[in-house]
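Next come the chains, spelled out residue by residue.
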Amino acid sequence: IAGITQAPTSQILAAGRRMTLRCTQDMRHNAMYWYRQDLGLGLRLIHYSNTAGTTGKGEVPDGYSVSRANTDDFPLTLASAVPSQTSVYFCASSLGQGQGSPNTGELFFGEGSRLTVL
Amino acid sequence: AQSVSQHNHHVILSEAASLELGCNYSYGGTVNLFWYVQYPGQHLQLLLKYFSGDPLVKGIKGFEAEFIKSKFSFNLRKPSVQWSDTAEYFCAVNAPRGSTLGRLYFGRGTQLTVWP
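This is a predicted model, so every value here is computed, not measured. (Residues numbered from 1 in each chain as written. Chains lettered and ligands numbered in written order. Predicted model: local features only at pLDDT ≥ 70, side-chain atom pairs only at ≥ 80, totals over all residues. Heavy atoms only, no water.)

(A) Looking closely at the overall build of chain B. The helix and strand tally for chain B stands at 0 helices and 12 strands. Ordered by position from the N terminus, the helices and strands of chain B form the series β-β-β-β-β-β-β-β-β-β-β-β. A globule of 116 residues ought to have a C-alpha radius of gyration of about 13 Å, and chain B, at 14 Å, matches this closely. If you line up chain B on its principal axes, its C-alpha atoms span 45 × 30 × 20 Å. (Helix = DSSP H or I, 4+ residues; strand = E, 2+ residues; numbered from the N terminus. Rg over C-alpha atoms; globule rule 2.2 N^0.38 Å.)

The following block contains the structure:
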């Protein structure tokens, strides 16, 4: 089934450790996103990529980095995890500029990765 | 920057009651509007969307939403809720231009609990 795959689904790690959340999509969407979801705050954009080879900062980028080497993969890295990064992380994708008509920017989400930093 | 306000943080209803969840956004230009639903333990799924045409949009599972441009609103409605509608509902908006097309701004969500 086409869609977005995230890994791991859940992880507990010690503060200061490095962690990479993986995201792969098979819909050939140009645009991909990382959101974090926290109780009472909704979803906040961390980083995004409009197309392979480009990335941009969202609302809450500090402490996170991303790369987009190809269309399908968009990993999110926490270089040195802190407890405030405990959250549920969702990867999403959408048709990019010039893809499809009408292109409303509708997002397709992965199942989420629950991260706990102790 | 755009912002999205959802008026209710938690709504509790009995089955068969009618539902209306409020959503307002702040952006003066053309927008696309979305409602997403997140069932317990699951990821977000699209409920319905508006991007042009009839301002009354019908989505899945009997939900509908009305875009009122003059009020910057996109309220979600359902005439008769079911226990299975228990979920968190998110309103989202984007400005349909170029590289910002997929930059959805989300409200903080409304938790709906339906008692059987």
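(B) Quick peek at the overall build of chain A. Within chain A, the secondary structure is distributed over 0 helices and 11 strands. In chain A, the succession of α and β elements from N to C terminus is β-β-β-β-β-β-β-β-β-β-β. The C-alpha radius of gyration computed for chain A amounts to 14 Å, which stays within 12% of the reference 13 Å derived for 118 residues, consistent with globular compactness. For chain A, the spread of C-alpha atoms along the principal axes amounts to about 45 × 30 × 30 Å. Taking all 118 residues of chain A together, the buried fraction comes to 50%. Restricting to contacts in chain A with at least 6 residues of sequence separation, those with at least 24 account for 56%. When the accessible surface of chain A is totalled, it reaches about 5,400 Å², and 51% of it is carbon and sulfur. Separation between the mean location of the 9 positive side-chain charges and that of the 8 negative ones in chain A comes to 9 Å. (Buried < 20%, exposed > 50% of the residue type's maximum accessible area, 1.4 Å probe, protein only. Contact = heavy atoms within 4.5 Å. Areas by Shrake-Rupley, 256 points an atom, 1.4 Å probe, with all protein chains shown as cover. Lys, Arg positive; Asp, Glu negative; His and termini not counted. Charge placed at Lys NZ, Arg CZ, Asp CG, Glu CD.)

(C) Representation of the pattern of salt bridges in the model. Residue and element names in this part refer to chain B. Tallied over the full model, the rule gives 8 salt bridges over all chains. Residues E66 and R77 are paired through a salt bridge, measuring 3.3 Å at the closest nitrogen-oxygen approach. Of the two residues, E66 sits in strand β8 (residues 64-68) while R77 sits in strand β9 (residues 73-78), which places them 11 residues apart along the sequence. By relative accessible area, E66 is classed as partly exposed at 28%. Residues joined by salt bridges that share partners form a network here, namely K58, E64, E66 and R77. (Salt bridge = Lys/Arg side-chain N within 4 Å of Asp/Glu carboxyl O.)

(D) Representation of the state of the cysteines in the model. All names here are of chain B. Under the counting rule described, the total for this entry stands at 2 disulfides over all chains. Covalent S-S linkage joins C23 and C91, the inter-sulfur distance amounting to 1.9 Å. Around the S-S axis, the bridge from C23 to C91 shows a dihedral of about -70° and counts as left-handed. Remark: C91 occurs in strand β10 (residues 87-94) and C23 occurs in strand β4 (residues 23-26); sequence separation between them is 68 residues. Of the two residues examined, C23 and C91, each falls in the buried class. (Disulfide = S-S within 2.5 Å.)

(E) Up close: the packing of aromatic side chains. The full count for this structure, using the stated rule, is 12 aromatic pairs over all chains. Through pairs of rings, three or more aromatic residues link up here, namely Y33, Y35, F90 and F109 of chain A together with F34, Y36 and F106 of chain B. In this arrangement the basic side chain of R68 of chain A is found over the ring face of F74 of chain A, its NZ or CZ atom lying 5.9 Å from the centre. (Phe/Tyr/Trp six-rings, centres within 6.5 Å; stacked < 30°, edge-to-face > 60°. Lys NZ or Arg CZ within 6 Å of the ring centre and 35° of its normal.)

(F) Looking closely at the layout of surface pockets. Here the largest pocket is characterised by a volume of approximately 390 Å³. Lining the largest pocket are 24 residues, and of these Q37, V88 and R114 of chain A together with Q38 and Q42 of chain B lie nearest its centre. Sorting the residues of the lining of the largest pocket by element identifies β4 (31-38), β9 (87-94) and β11 (113-117) of chain A together with β10 of chain B as the ones contributing at least two each. Sorting elements by how many residues they give to the lining of the largest pocket places β10 of chain B first, with 3 residues. Its residues assigned to classes, the lining of the largest pocket comprises 8 nonpolar, 11 polar and 5 charged. (1 Å grid on protein atoms, 1.4 Å probe; cavity = no way out; pocket = protein on both sides within 12 Å on 5 of 7 lines; lining within 4 Å. Points joined across faces, edges and corners; volume = space filled by probe spheres on them. Nonpolar A, V, L, I, M, F, W, Y, C, P; charged D, E, K, R; others polar.)

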